[in-house]
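Each chain, written out:
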Amino acid sequence: MKIVEVKNEADITLEISGRVDSVSYMDLQNSILAAFQKTNTLYLDMANVTYISSAGIRVLLVGHKTAVAKGGVFKCFNVIPEVFSVIKMMGFADFIIKK
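Residues numbered from 1 in each chain as written. Predicted model: local features only at pLDDT ≥ 70, side-chain atom pairs only at ≥ 80, totals over all residues. Heavy atoms only, no water.

Student: Quick question: what am I supposed to make of the pattern of salt bridges here?
Tutor: If charged atoms from side chains of opposite charge come close, those side chains can pair. Taken as a whole and judged by the stated rule, the model has two salt bridges. A salt bridge links E5 to K38, with the shortest nitrogen-to-oxygen separation between them at 3.0 Å. Here K38 lies in the loop between α1 (25–36) and β3 (41–52) and E5 lies in strand β1 (residues 2–7), a separation of 33 residues in the sequence. You can call E5 partly exposed: its relative accessible area is 38%. Here R19 and D21 are joined by a salt bridge, their closest N and O atoms 3.2 Å apart. Residue classification places R19 among the partly exposed residues on the basis of a relative accessible area of 43%. (Salt bridge = Lys/Arg side-chain N within 4 Å of Asp/Glu carboxyl O. Helix = DSSP H or I, 4+ residues; strand = E, 2+ residues; numbered from the N terminus. Buried < 20%, exposed > 50% of the residue type's maximum accessible area, 1.4 Å probe, protein only.)

Written out as structure tokens, the structure is:
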């Protein structure tokens, strides 16, 4: 998995590529938590995420809960259909996916 941080004026976008699984999930979680030290608005560009496991879903929930605790925003966008279906099946699409 590769993570690129893009800092904008009012938010940060993490561009994620590869698999978010039990091998890589901690890297993503650490990047999310580090980004929330710099901003209250964080987006994940998941256009190049090819797979997400339950460990990856847990990281998305950590991001969401961190945003709620800070009164901030955490959303994912450009989610490919295969990954979206996993997020939706877990019941998290409504509050994690940017519309």
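Student: I would appreciate a short explanation of unusual backbone geometry in the present structure.
Tutor: With the exception of glycine, the majority of residues adopt a negative phi angle, and the majority of peptide bonds are in the trans configuration. With a phi close to 55°, N78 is a non-glycine residue in the positive phi region. According to the relative accessible area criterion, N78 is partly exposed, its value standing at 44%.

Student: Just checking my understanding: could you explain the packing of α1 against helix α2 (residues 54–70) for this structure?
Tutor: A pair of packed helices can be characterised by two numbers: the angle between their axes and the separation between those axes. Contact geometry for α1 and α2: axes closest at 9 Å, N-to-C directions at 10°. The angle between α1 and α2 places the two elements in the roughly parallel class. Contacts between α1 and α2 pair Y25, L28, Q29, I32, L33 and F36 from the former with A55, G56, R58, V59, V62, G63, T66, A67 and K70 from the latter. Looking at the contact of α1 with α2 residue by residue, the classes come out as nine nonpolar, four polar and two charged. (Axes fitted to C-alpha atoms, helices over the stretch in contact; angles between N-to-C directions. Parallel < 35°, antiparallel > 145°, perpendicular 65-115°, else oblique. Contact = heavy atoms within 4.5 Å. Nonpolar A, V, L, I, M, F, W, Y, C, P; charged D, E, K, R; others polar.)

Student: Could you clarify how one ought to interpret the sheet that holds strand β4 (residues 73–77) in this entry?
Tutor: In a beta sheet, neighbouring strands pair by backbone hydrogen bonds and run either parallel or antiparallel. Judged by pairing direction, the sheet is mixed, and its four strands sit side by side in the order β1-β2-β3-β4 without closing on themselves. Across the chains shown, the open sheet's two edge strands, defined by having one partner strand only, are β1 and β4. For this sheet the average axis-to-axis angle between neighbouring strands, irrespective of direction, equals 20°. Bridging between strand β2 (residues 12–20) and β3 involves eight bridges; their strand directions are parallel. From the neighbouring strand, R19 faces β3, where its bridge partner is Y51. Strands in contact with α1 are β1, β2, β3 and β4; relative to β2, the strand with the most contacts, it is inclined by about 175°. (Pairing = 2+ DSSP bridges.)

Taken by themselves, the reported measurements are silent on function.
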